[in-house]
Structure formats: structure tokens, C-alpha cells
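Results of the structural survey
Read off the chains here:
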Amino acid sequence: MTPGADGPAPRRRGRPSRTAKSAGPDARTRILEAARTEFAERGYDKTSMRGIAKAAGVDAALVHHYFGTKDEVFAAAIEVSFEPALVIPEILGGPMDSVGERLARYFIGVWENPVSRAPMLAILRSALTHEAAAKVLRGFVLRRLLERIAGDLDVPDPTFRAELAASHMIGIAILRYVIQAEPLASADPEKIITMVAPTLQRYLTGQDVP
């Protein structure tokens, strides 16, 4: 039988074919949105590249093409939730003596938003039980967010300061949103921001709030 005459031509290996459904300007967005949902509903361990592809309505090869590995999809889901490129200039753009308050407000705001809270809960829960997920979270929150903020503030020991700030905020996230410990779980967000901001200010700048 001659290929192409009486049957379909053999599928070529390599880059996935670009079809109206599986490729195009919206394909990466659909994959990322599906990944966020899958990680939120299934957690890190039970989420697969094939499952993400199915939820996005694309070929699994396209997911690998855009993101490479599950860790990279996971990291991209974190970045979408935090949007560091947008928030870092906003946090650093105001007066130095209120950077702690701006960081606290941003962090609590991410968790209080129902749209970003679900994937963040999945990310945090996965990081507590899976080393690959923890590595991604450490790399993003520390290196791509807090270390950049501390580094731009031009203070001694920026990495140590960033880790202290991260420990404080992640601890709040675990108690308030994962364990739901009272009275923290039902406290007004503004009260939390007011009480946390001076500590973040001291961690990041070495200065007390006036």
C-alpha cells in the first residue's frame, strides 16, 4: 500500500501540528488556565501533563512544547497568581518607610481574591508534601519575588531578609487559609495587614515603622 493513496500518511515526529484547536495565540493561555484548575483540584501529585492537555483541549505534545515539564507548568501557575513583573515596581515605587505595608497588602490581597486563592491553596498544600513542588515555590517566592524586592532596597543580607519575610507570610497563609485556625482565620484582612506590616518593614529594611 502506498502511503497517502489508500490510507493516511504517517504522522511526523517533532513539533506538534498547528491546528485551529490545538495551537494559535490562545493555546498557551488555555493550557495555563487548565493547569491552574488541575493543580487546584487534584494537587501536584495527581496532576499530569496529559490531564492538563485534555482539560485545555490540546495535544499533550503542545503542553510540553510551551512548558517542557510539569515543574515548569507549576511554576507558571504560581507566576500567574503573583504577577511579579507588575507587583514589584508597585511595591518598590512608594516611600521606603511603607514598603512593608505595601508587601503585606499585596500578599493578603492575593489570598483574599477567590480567583487566585484556589490555585494558591493547591500550590501551598502540594509544597508541604512534595519536594518538587516545594522547590518550585521556594525558587519563585524567594528568588523571583522577595529576593528581588530586598535586593532593590540595597540592604545587607538581602537573601536572609527575604527568607524571614517569606517565613512570616507563608506561616500566616498556612494558619489562616489551610488550617483555618481561629481567630486568625476570621480576622479582618486590614487588621492582619496593620499588624504584619511593621514586621515585614523591619525584615526587609532594618527600619522600624515611624
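Scroll up to find the structure.
Keep in mind it's a predicted model, so treat the numbers as computed, not measured.

Across the junction of Glu182 and Pro183, the peptide omega takes the value 10°, indicating a cis bond. Structurally, Pro183 can be placed in the loop between helix 9 (158-178) and helix 10 (189-205). In this structure, Gln180 takes a positive phi of about 60° despite not being glycine. Structurally, Gln180 is set in the loop between helix 9 and helix 10.

The next thing to look at is helix 1 (residues 27-46). If you check helix 1, its first and last C-alpha atoms are just 23 Å apart, much less than what 20 residues at 1.5 Å a residue would give, namely 28 Å. Bending of helix 1 peaks at approximately 80° at the position of Ala40. Those residues of helix 1 lying buried are Ala27, Ile31, Leu32, Ala34, Ala35, Arg36, Glu38, Phe39, Gly43 and Tyr44.

Here Val58 shows up in the loop between helix 2 (49-56) and helix 3 (60-67). When its relative accessible area of 11% is taken as the criterion, Val58 is described as buried. Distance in space between the C-alpha atoms of Val58 and Arg30 is 8.8 Å, their sequence separation being 28 residues.

What follows is about the packing of aromatic side chains. A complete count under the given rule lists three aromatic pairs for this structure. Ring centres of Phe107 and Trp111 lie 6.5 Å apart, and the angle between their planes is 55°; on these two criteria the pair is classed as tilted. Linking Phe107 with Trp111, this pair stays in helix 6 (residues 99-112), spanning four residues, or about one helical turn. On the basis of an interplanar angle of 15° and a centroid distance of 4.9 Å, the ring pair of Trp111 and Tyr177 is categorised as stacked. Within this pair, whereas Trp111 is found in helix 6, its partner Tyr177 is found in helix 9, the two being separated by 66 residues in sequence. Judged by relative accessible area, which is 2%, Trp111 ranks as buried. Taken together, the ring pairs connect Phe107, Trp111 and Tyr177 into an aromatic cluster.

Our next topic: the pattern of salt bridges. Pairing between side chains becomes possible if they bear opposite charge and their charged atoms approach one another. Taken as a whole and judged by the stated rule, the model has four salt bridges. Across the pair Glu38 and Arg42 runs a salt bridge, and its minimum N-O distance is 2.9 Å. One end of the pair, Glu38, and the other, Arg42, are both in helix 1, four residues apart, so they sit about a helical turn from each other. Relative accessible area serves as the criterion here: at 47%, Arg42 is assigned to the partly exposed category.

The next subject is helix 10. One turn of the α-helix equals 3.6 residues, which is why residues spaced by three or four share an orientation. Over its 17 residues, helix 10 extends 23 Å from the first C-alpha to the last, a length consistent with the 24 Å expected when each residue adds 1.5 Å. A maximum bend of about 35° is found in helix 10 at Val196, where proline Pro198 lies one to four positions downstream. With a side-chain oxygen lying 2.7 Å from the backbone nitrogen of Glu190, the N-terminal cap of helix 10 falls on Asp188. After helix 10 finishes, the residue Gly206 shows a positive phi value of roughly 80°.

On to the packing of helix 7 (residues 114-129) against helix 9. Between helix 7 and helix 9, the least distance of the axes is 11 Å, while the angle of their chain directions is 110°. Classified by the angle their axes make, helix 7 and helix 9 are roughly perpendicular. Where helix 7 crosses over helix 9, the two elements pack in a sense that is left-handed. Touching Arg117, Leu121, Leu124, Arg125 and Leu128 of helix 7 are Ile170, Ala173, Ile174, Tyr177 and Val178, all from helix 9. Of the residues that constitute the contact of helix 7 with helix 9, the class distribution is eight nonpolar, no polar and two charged.

Quick notes on the rules
- Residues numbered from 1 in each chain as written.
- Predicted model: local features only at pLDDT ≥ 70, side-chain atom pairs only at ≥ 80, totals over all residues.
- Heavy atoms only, no water.
- Helix = DSSP H or I, 4+ residues; strand = E, 2+ residues; numbered from the N terminus.
- Expected span 1.5 Å × (residues − 1).
- Bend = angle between axes of the 7 residues up to and from the residue.
- Buried < 20%, exposed > 50% of the residue type's maximum accessible area, 1.4 Å probe, protein only.
- Phe/Tyr/Trp six-rings, centres within 6.5 Å; stacked < 30°, edge-to-face > 60°.
- Salt bridge = Lys/Arg side-chain N within 4 Å of Asp/Glu carboxyl O.
- Polar contact = N/O pair within 3.5 Å; in protein donor to acceptor, adjacent residues only side chain to side chain.
- Axes fitted to C-alpha atoms, helices over the stretch in contact; angles between N-to-C directions.
- Parallel < 35°, antiparallel > 145°, perpendicular 65-115°, else oblique.
- Left-handed = near helix turned anticlockwise from the far one by under 90°.
- Contact = heavy atoms within 4.5 Å.
- Nonpolar A, V, L, I, M, F, W, Y, C, P; charged D, E, K, R; others polar.

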